[in-house]
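Residue-level structure breakdown
Below are the chains, spelled out letter by letter.
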Amino acid sequence: MKIKRALLSVSDKKGITELAAFLHENGVEIISTGGTMKAIKDAGIPVTYVSEVTGFPEIMDGRVKTLNPKIHGAILGVRSNPEHMAQMKEHGIIPIDLVVVNLYPFKQTIEKPGVTEEEAIENIDIGGPAMVRASAKNFSDVVIITNPERYGALMEMLKKDGDIDQKTRKSLAMEAFKHTSEYDAMITGYLQKQLEK
């Protein structure tokens, strides 16, 4: 299978252990964060904590964990570019081929009765959108999944072909950019309402 290394970091954990089990059974190294890592680990699936990859602990109440060259270089490196690959080797950056991310539940948070602005702000995802956008930009080399409904088709295609074709990669990238743009629009709308109070 062409995918050798995957990063899984999701707010919506639906289907994530099934996907992780499939990836593990097919020899894919899984990297993860926080609650996702716990869910995968609790299911008895080997997983590498993102801090072990970055060599840096999660800090600032989890605000900073994946914003690191060992993650973003692994996602953004163009595999057909010899300079990129040489720089990755020089800095000990191992490519990430699949990124599965969905974002902090901002919408669900602001819909809660009595939610404070501080709570809403804490549920603005930063590392997630950065990884989603980086993966979508480099879709020729990195598969990005933001919707759990896509896991089944992903597994089927990998079972059948051992890889994800370019048309599907581009379609998933488009879906990922739509996901982050809608997320940002929702945050903008919330802050606009706060200003109008």
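Since this is a predicted model, take the numbers as computed values, not measurements. (Residues numbered from 1 in each chain as written. Predicted model: local features only at pLDDT ≥ 70, side-chain atom pairs only at ≥ 80, totals over all residues. Heavy atoms only, no water.)

Where helix 2 (residues 34-42) is concerned, the buried positions are Thr36, Met37 and Ile40. Along the axis of helix 2, the buried positions cluster into a sector of 100°, meaning they face one direction only. Those residues of helix 2 that are exposed and angled more than 90 degrees off the buried face are Lys38 and Asp42. Buried residues along helix 2 sit in contact with strand 1 (5-10), helix 1 (16-25), strand 2 (29-32) and strand 3 (48-49). Following helix 2 by one or two positions, glycine 44 has its phi on the positive side, about 80°. (Buried < 20%, exposed > 50% of the residue type's maximum accessible area, 1.4 Å probe, protein only. Helix = DSSP H or I, 4+ residues; strand = E, 2+ residues; numbered from the N terminus. Arc of directions from axis to C-beta. Contact = heavy atoms within 4.5 Å.)

The angle between the axes and the distance between the axes are what describe a pair of packed helices. In contact at an axis separation of 8 Å, helix 4 (residues 69-76) and helix 8 (residues 127-137) are set at 25° when each is read in the N-to-C sense. Here helix 4 is positioned roughly parallel relative to helix 8, judged by the angle of their axes. Side by side, helix 4 and helix 8 meet where Ile71, His72, Ile75 and Leu76 of the first sit next to Ala130, Met131, Ala134, Ser135 and Lys137 of the second. Tallied by class, the residues present in the contact of helix 4 with helix 8 amount to 6 nonpolar, 2 polar and 1 charged. (Axes fitted to C-alpha atoms, helices over the stretch in contact; angles between N-to-C directions. Parallel < 35°, antiparallel > 145°, perpendicular 65-115°, else oblique. Nonpolar A, V, L, I, M, F, W, Y, C, P; charged D, E, K, R; others polar.)

Attention now moves to the confidence of the model for the protein. Of the residues in the protein, 99% reach a pLDDT of 70 or more, and the chain-wide mean stands at 91. Across the protein, the element-wise mean pLDDT spans from 86 in helix 6 (residues 106-110) up to 97 in strand 5 (residues 143-145). (pLDDT = per-residue confidence, 0-100.)

With the rule as written, the count across this model stands at 2 aromatic pairs. Here phenylalanine 106 and tyrosine 183 contribute two aromatic rings whose centre-to-centre distance is 6.4 Å and whose plane-to-plane angle is 65°, an arrangement assigned as edge-to-face. Of this pair, phenylalanine 106 sits in helix 6 while tyrosine 183 sits in helix 10 (residues 166-196); the two residues are 77 residues apart in sequence, bridging distant segments of the chain. Relative accessible area serves as the criterion here: at 1%, phenylalanine 106 is assigned to the buried category. On the basis of an interplanar angle of 85° and a centroid distance of 5.6 Å, the ring pair of phenylalanine 106 and tyrosine 190 is categorised as edge-to-face. Separated by 84 residues along the polypeptide, phenylalanine 106 in helix 6 and tyrosine 190 in helix 10 bring together distant segments of the chain. We classify tyrosine 190 as buried; its relative accessible area is 9%. Pairwise contacts between aromatic rings join Phe106, Tyr183 and Tyr190 into one cluster. (Phe/Tyr/Trp six-rings, centres within 6.5 Å; stacked < 30°, edge-to-face > 60°.)

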